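# A closer look at the structure
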Amino acid sequence: MIQLQTEIEGRRAYFGAVRDIFHSYGCSFCSNFDYDQGKFDALLWRDGGESIYLRVPIYVVDGALDHSNALVEFGTPFVIKHVINIGLDHDENSFVTGTTGLDQFQTPLDKDDYIYDKSRWEKAGKEAIHQVFSSINGLLVS
């Protein structure tokens, strides 16, 4: 994981106002969220089962994330690498999950794999954050 020091950290905005802007830059709001925190993810690179993501955590200051008017504060963005098994899942549950469809996704082999060429991904992450920040700057709350 590479933590990024950017101008967005600690800034506040209304969730509904920034969600669409993040989305327009290819950042998706992760559906696995709590009502008091969540994250935006953007895919920076993928090759086979390896993916490098930019992740921007958000924390609710007032309200709840199921409402557009929730006031959120941005945490420290970071770059993370996930490695997944792109082959068949041959564990003890593969027959059950394969025939019933109860679990269509495998657990990543490594949720925080080593990132080579860190300066490249730090630069890419900071540039992406700067672009988003430039678009939401007028929506920030003091």
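When helices and strands are counted, the protein chain shows three helices and seven strands. Expressed as a percentage of contacts within the protein chain between residues at least 6 apart in sequence, the contacts between residues at least 24 apart total 65%. In the structure as shown, the protein chain presents an accessible area of about 8,600 Å², 47% of it carried by carbon and sulfur atoms.

The next point concerns the side chain of arginine 55. In this fold, arginine 55 is placed in strand 5 (residues 50-62). For arginine 55, a relative accessible area of 14% gives the class buried. In terms of polar contacts, arginine 55 uses its side chain to reach the side chain of aspartate 41, at 2.7 Å. Beyond its immediate sequence surroundings of up to four residues, arginine 55 is in contact with Lys39, Phe40, Asp41, Pro77, Phe78 and His82.

Looking now at the pairing of strand 5. For strand 4 (residues 37-47) and strand 5, the ladder comprises 10 bridges, and the chain directions are antiparallel. Bridged to glycine 38 within strand 5 is isoleucine 58. The turn joining strand 4 and strand 5, which pair antiparallel and follow one another in sequence, is formed by two residues; a positive phi near 60° is taken by glycine 48. In the sheet, strand 5 pairs with strand 7 (residues 78-83) via six bridges, with the strands oriented antiparallel. Bridge assignment links leucine 54 to a residue of strand 7, and that residue is valine 79. As paired elements, strand 5 and strand 6 (residues 71-74) share four bridges and run antiparallel to each other. Residue isoleucine 58 lies in a different strand from strand 6, and its bridge partner there is phenylalanine 74.

What follows covers the pattern of salt bridges. This structure, assessed with the given rule, holds five salt bridges. Arginine 19 is the partner of aspartate 20 in a salt bridge, and the nearest nitrogen-oxygen pair spans 4.0 Å. Across the pair lysine 81 and glutamate 50 runs a salt bridge whose closest N-O atoms are separated by 3.5 Å. Remark: glutamate 50 occurs in strand 5 and lysine 81 occurs in strand 7; sequence separation between them is 31 residues. You can call lysine 81 buried: its relative accessible area is 5%. Among the residues examined, glutamate 50 registers a relative accessible area of 30% and is labelled partly exposed.

As a further point, take the environment of phenylalanine 133. Within the secondary structure, phenylalanine 133 is located in helix 3 (residues 118-136). Using a relative accessible area of 10% as the deciding quantity, one classes phenylalanine 133 as buried. In this structure, the C-alpha to C-alpha distance between phenylalanine 133 and glutamate 7, residues 126 residues apart in sequence, is 7.5 Å. When sequence neighbours within four positions are dropped, the list of residues in contact with phenylalanine 133 reads Glu7, Ile8, Arg11 and Leu140.

Cut-off values and rules
Residues numbered from 1 in each chain as written. Predicted model: local features only at pLDDT ≥ 70, side-chain atom pairs only at ≥ 80, totals over all residues. Heavy atoms only, no water. Helix = DSSP H or I, 4+ residues; strand = E, 2+ residues; numbered from the N terminus. Contact = heavy atoms within 4.5 Å. Areas by Shrake-Rupley, 256 points an atom, 1.4 Å probe, with all protein chains shown as cover. Buried < 20%, exposed > 50% of the residue type's maximum accessible area, 1.4 Å probe, protein only. Polar contact = N/O pair within 3.5 Å; in protein donor to acceptor, adjacent residues only side chain to side chain. Pairing = 2+ DSSP bridges. Salt bridge = Lys/Arg side-chain N within 4 Å of Asp/Glu carboxyl O.

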